[in-house]
Structure formats: C-alpha cells, structure tokens
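Structural characterization, general
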Amino acid sequence: MRRPNRVFALAAAALLFSLLGLSLVGAGRASAAAGDAASDPAATAPRTEPVAPSGLPIALGARVAGDTERTRLVIDLSSGLQATVFPLADPNRVVIDLPEIRFDLPNGTGEEGRGLITTWRYGLFAPGKSRIVVDTTGPVAIDRTFVLPAADGQPARLVVDLVPTTAAAFAAKVAEARAARGAPTTTPDGIAPDSGVTADRTRRTRPLIVLDPGHGGLDTGAVATDGREEKTITLPFAQLLAQKLAETGKFEVKLTRDDDTFLPLDRRVEIARELAADLFISIHTDSAPQPYVRGATVYTVSDRASDAEAAATAALENKSDIIAGVDLPNASDEVADILLDLARRETRNFSRQISNALVTEMKTTTKLNANPQRAAGFRVLRAHDVPSVLVELGYLTNKDDEARLEDAAWREKTAVAMVGAIEIFFGPRLAQGREFGGK
Ligand SMILES: [Zn+2]
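Residues numbered from 1 in each chain as written. Predicted model: local features only at pLDDT ≥ 70, side-chain atom pairs only at ≥ 80, totals over all residues. Heavy atoms only, no water.

For clarity, the cut-off: UniProt positions are given in the numbering used here, feature names are shortened, and annotations may be inferred rather than shown by experiment.
If you check an unreviewed UniProt entry, the protein appears there as N-acetylmuramoyl-L-alanine amidase from Segnochrobactrum spirostomi. Listed in UniProt under the heading Catalytic activity (unreviewed entry), the comment for the protein reads: "Hydrolyzes the link between N-acetylmuramoyl residues and L-amino acid residues in certain cell-wall glycopeptides."

Set out below in structure tokens:
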C-alpha cells in the first residue's frame, strides 16, 4: 500500500527538483531558485547525465578540500536538487538533508576528513529522504551552501563551506535551526510517526514477536574487513527468522524495518510497545578491537553493565541516532515510578528467561561467545513492558565469524535454534491456552 504512493511521490519530487534546477539554500531554510526553469540548462538540454533506474538523482563523487580556516565539501550530482543544511550539537555535526538520492560513491568515502571535517557518512534517513552527516573538529559555521547546475562538462554540484566559529555562536545556530525546522523538543524529529507497522492491540491467542534488524540507511553499523556492513546482515537474518517463526503457525511476527531505511532507537522501542508485543528481539553483529574475540552473545538490559566489553558494545549500539544525525534535544531516561518498576521487574524476568533459552538452544548449533549472556544499558531494550533481548550473531572483526555469517547453512540452523528457544519461552503459556498482548 505504502510503496506505490511513495514511488509516485518520489517521482513527482524528482520531476519538481529537476524543473527547479539550481536552488540556493541557507542554513536551516531553503530559498527560491535563482533563475527560472526555462533558463536552466538541465531542464531544457537533452539529458546526458546518468540517471538511476529508479529515476532518483545520483551522487557521483565527493571530495573535501581546504583547511582549518575554511573547509569545503563537494558532492557531484547527476542533477540539481534542493538541500537543507543545519548544525547539530553533542557532538558537533552538520546535517545535509536531501530528497532521496542514490549514493554511487566508492567504499570508504567519508572515512577520512580534512580541515574542519573529521569524518562524514551518507544514506537513506527516512522514506524519500537522504541525509549526509558531517562530524566536525569543533564548532563550525555553515558559511555557504549552494547547488551548481551541470555546466561545461561538469556535473551538478552541491557545495557546503564550513568555517570555524565559537561554541556560543554554534549553540545559537543549533537552536535557531531547530526552531526553523519546527522540531519537537522531546522526540526525535524528521521521522514519520506512522511506521506502517500496525497490529490489533486486542488480546490474541498467538504471541506477537517484533524482530528488529539493527541499523539501516545511513547507519551502517559495524563494518567487516571485507567492507560488508552490519545493516546488510541483520535485515536478511531477521527476515529469515520471521519466516521460520511464521512457519510454525504459533506466532505473529512483525519487523521494525523491512528495507534499508534508518530507524531511530526510540522508534524501534515504540513500535514494540504500540503493538503490545510479547517479545522483542533486536538482531545485530558485533565488533571488537581484538580480532580473536568471537561468537554469538545474547544481551539483556541493565543499568549496570555485566562487564566492560558489554558496556562498550552497548555504547557502540547506542550511537545509532548520533551517527544518523537524529536531533535528541532532551534525551532523558524514563521517570522513576513504582508501577513502572513493578512492570519492569516482571519484564526483566521474562527477558532473562528468553536469554537463557536462546543461549541453551544456540549453543548446540552456533559458536557462542566465551561469555554468551551479558547485560548493559542498551537503549533499544528500554521497553519496560515488553520482554526484550539483543542478539549479536557474531563478530564482524573475526574471520571465522565473518565466514559463518556469510554461510546460508549456518544462518539457517541459527534461525532454527532461535525458533526453538522462542517456542520453549512461550511453551507453558501456549500449552495453557493463555491470551497474549493487549497490555
Ligand atoms: Zn549493531
């Protein structure tokens, strides 16, 4: 249902952008195009520039030039488009919002910065919306932003010039840009409240399991030595697990994301809660500084990490929103409440039970970590009323794990083992004919 509308909207947007051609934008606010469509060579000349099969504009190349006095980011584009550029604090970042485009950039692009730019990344942020997030060495001012149309054999170019500024001036611009976006002050902005995931909240005879493929869009997650990205492993694995669970006929299954789109951590939690899920499983792959560290690990939430590595993993996984440039003005913890605490205690008991079952079942088929059951402060496991676990399938920084993750037979037996664990977890309640959900 959503997809045809989205494709249509994108096609309409792409047409509009190509008609507009050159457009000048300032920090936080787009201004009108300079010159009309008739005088824009991109609109009248025969199209010779590359076009993605989907009709999306393409980022063809990128470079960073300049020094710490003035740093310029240039993105070569197949056609002109409109960009919105704004600063974001904690840490210092510059966000470039674009209509959905395809990034045809070499592997490793953005990993090395220059001047005021340390690193930058790009990708799909939300349906129909691409984003570039630039990490900066300190507070910067967005001095100039413009889009040049294709001319003299040169592609269209998006140019962003950054210059140093004071912390106070940067903070003022962050607040100004937030107000201009009309961003809410308590929830992440830029995300459609409707995820497209819906379910009946009434009581049901089958448990509902929400599977959460980690990362997505411009948040790639961990990257293997061969360049393979975590987000491209978590999605097909979650889809496989969903299929295996559905085949039992015992469970209802929903995915938090079913394509390569970014999803904020809080939104993943909200989806599980809105659906009154009976179980939430977030799927990830790990990385570690030591290449010998390997094996699958099952995590539950805890205010105090079980060990230093667990704390490091949670810190890494919790960075998703920062990586994607999500504005989190008041990222605070939930209010302490005695009723919440009681619900939380029961939920944590259940989370511990599913963690036990997963480790028991997976150890027969899957190489587990030396310490396979751990706990830490994962933001994505914060739902106080949905039993939640996070499964790290293996380490992308370990050669053996990497090979296993690539192996279809391994993925198959691991998914089957996880289904076995979930059946054990729900077994007594299913046997009693208990109702589920509708909390
Ligand atoms: Zn992850």
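**Some thoughts on the overall build of the protein**
Put simply, the rule reads: In this description a helix means any DSSP run of H or I spanning at least four residues, a strand means any run of E spanning at least two, and both kinds are numbered starting from the N terminus. Any residue under 20% of the maximum accessible area for its type is buried, any over 50% is exposed, and the rest in between are partly exposed; the area is computed with a 1.4 Å probe on protein chains only. Only heavy atoms matter for contacts: two residues are in contact if any of them lie within 4.5 Å across the pair. Areas reported here follow the Shrake-Rupley algorithm with a probe of radius 1.4 Å; residue values treat only the protein chains shown as occluding.
For the protein, the helix and strand inventory stands at 10 helices and 17 strands. Considering the protein as a whole, with its 439 residues, one finds that 48% of them fall into the buried category. Taking all contacts inside the protein whose residues are at least 6 apart in sequence as the whole, residues at least 24 apart take part in 76%. Counting only carbon and sulfur atoms, one obtains 55% of the accessible surface of the protein, whose full area is about 19,700 Å².

**Side note on the sheet that holds strand E6 (residues 93-99)**
Rule in force here: DSSP bridges decide pairing: two strands pair if at least two such bridges lie between them. To obtain an axis, a line is fitted to C-alpha atoms, over the contacting stretch when the element is a helix, and the angle between two such axes runs from 0 to 180 degrees between their N-to-C directions.
Read from one edge of the open sheet, 4 strands run E5-E6-E9-E8, paired in antiparallel fashion. At either margin of the open sheet sits one strand with a lone partner, and together these are strand E5 (84-88) and strand E8 (117-126). On average, each strand axis in the sheet is tilted by 20 degrees relative to the strand beside it, whichever way the strands run. Where E5 and E6 come together, 5 bridges link them in antiparallel fashion. Looking at E6, one finds that Pro87 is bridged to Val94. In the packing of helix H3 (residues 167-181) onto the sheet, the strands contacted are E5 and E6, and the crossing angle to E5 comes to about 130 degrees.

**Some remarks on the domain arrangement of the protein**
Stated formally: Marked domain ranges trace back to an automatic or database domain assignment. Here the quantity called buried area is the accessible surface, traced with a 1.4 Å probe, that two parts lose on coming together, added over both. Note on definitions: salt bridges are taken to be side-chain nitrogens of Lys or Arg within 4 Å of carboxyl oxygens of Asp or Glu.
Considered domain by domain, the protein is made up of domain 1 (58-181) and domain 2 (203-328 + 337-431). Here the C-alpha centre of domain 2 lies 33 Å away from the C-alpha centre of domain 1. Contact with domain 1, which involves 16 residues of that partner, is made by 12 residues of domain 2. Carbon and sulfur atoms make up 54% of the area that domain 1 and domain 2 hide from each other, which totals about 1,100 Å². The tally of links from domain 1 across to domain 2 stands at 2 salt bridges.

**A closer look at the pairing of strand E13 (residues 252-255)**
The side chains of a regular strand alternate, first on one face of the sheet and then on the other. Rule in force here: Look down the strands so they point away from you; if the path from the first strand over the helix to the second goes clockwise, the crossover is right-handed.
Direction of pairing for strand E12 (residues 208-213) relative to E13: parallel, over a ladder of 4 bridges. What sits directly across from Val210, in E13, is Lys254. For the crossover from E12 across helix H4 (residues 230-247) to E13, the handedness is right-handed.

**Describing the packing of aromatic side chains**
Geometry of an aromatic ring pair is reported as the spacing of the ring centres plus the angle between the planes. This is how it is decided: To pair, rings of Phe, Tyr and Trp, with the six-membered ring standing in for Trp, must have centres within 6.5 Å; the planes then decide the type, stacked if under 30 degrees apart, edge-to-face if over 60, and tilted in the middle. Throughout this description, the term charge over a ring refers to an Arg CZ or Lys NZ atom that lies within 6 Å of the ring centre and within 35 degrees of the ring normal.
A complete count under the given rule lists 8 aromatic pairs for this structure. Measuring from centroid to centroid gives 4.7 Å for Phe425 and Phe426, while their planes differ by 70 degrees, and the two rings are edge-to-face. Pairing Phe426 with Phe436 gives two aromatic rings, centres 5.8 Å apart and planes at 85 degrees, and the pair type is edge-to-face. With Phe426 in helix H10 (residues 408-431) and Phe436 in the segment after H10, this residue pair connects regions lying 10 residues apart in the sequence. Here the two residues Phe426 and Phe436 agree in accessibility, since each one is buried. Among the aromatic residues, ring-to-ring pairing joins Phe251, Phe350, Phe425, Phe426 and Phe436 into one connected group. Looking at Arg131, its charged tip hangs above the ring of Phe125, at a distance of 3.7 Å from the centre.

**Considering the coordination of the zinc ion**
To be explicit about the condition: Counted as coordinating are nitrogen, oxygen and sulfur atoms within 2.8 Å of the metal, or 3.2 Å for Na, K and Ca, while water is not included, which may make sites look incomplete.
The protein atoms that coordinate the zinc ion are His215 (NE2), Glu230 (OE), His284 (ND1), Glu317 (OE) and Glu317 (OE), at distances of 2.0 to 2.3 Å. Positions of the donor residues of the zinc ion, expressed as sequence spacing, correspond to H-x14-E-x53-H-x32-E. With Glu230 in helix H4 and Glu317 in helix H6 (residues 308-317), the pair connects residues that are 87 residues apart, well separated along the chain.

**Considering the sheet that holds strand E16 (residues 368-376)**
Taking strand neighbours across the sheet as the criterion, the 6 strands line up as E13-E12-E14-E17-E15-E16 in an open arrangement whose pairing is mixed. Two strands in the sheet have a free side with no partner beyond their single neighbour: E13 and E16. Going from strand to strand, the sheet's axes swing by 20 degrees on average, the running direction of each strand aside. Relative to the sheet, H6 contacts strand E14 (279-286), strand E15 (296-301), E16 and strand E17 (388-395), its axis offset from that of E16 by approximately 65 degrees.

**Brief notes about the environment of Met362**
Within the secondary structure, Met362 sits in helix H8 (residues 338-362). Taking the relative accessible area as the measure of exposure, Met362 reaches 0% and is therefore buried. Between the C-alpha atom of Met362 and that of Phe251, which follows or precedes it by 111 residues, the distance is 20 Å. In contact with Met362, not counting residues within four places along its chain, are Ala296, Leu368, Val391, Thr414, Ala417 and Met418.

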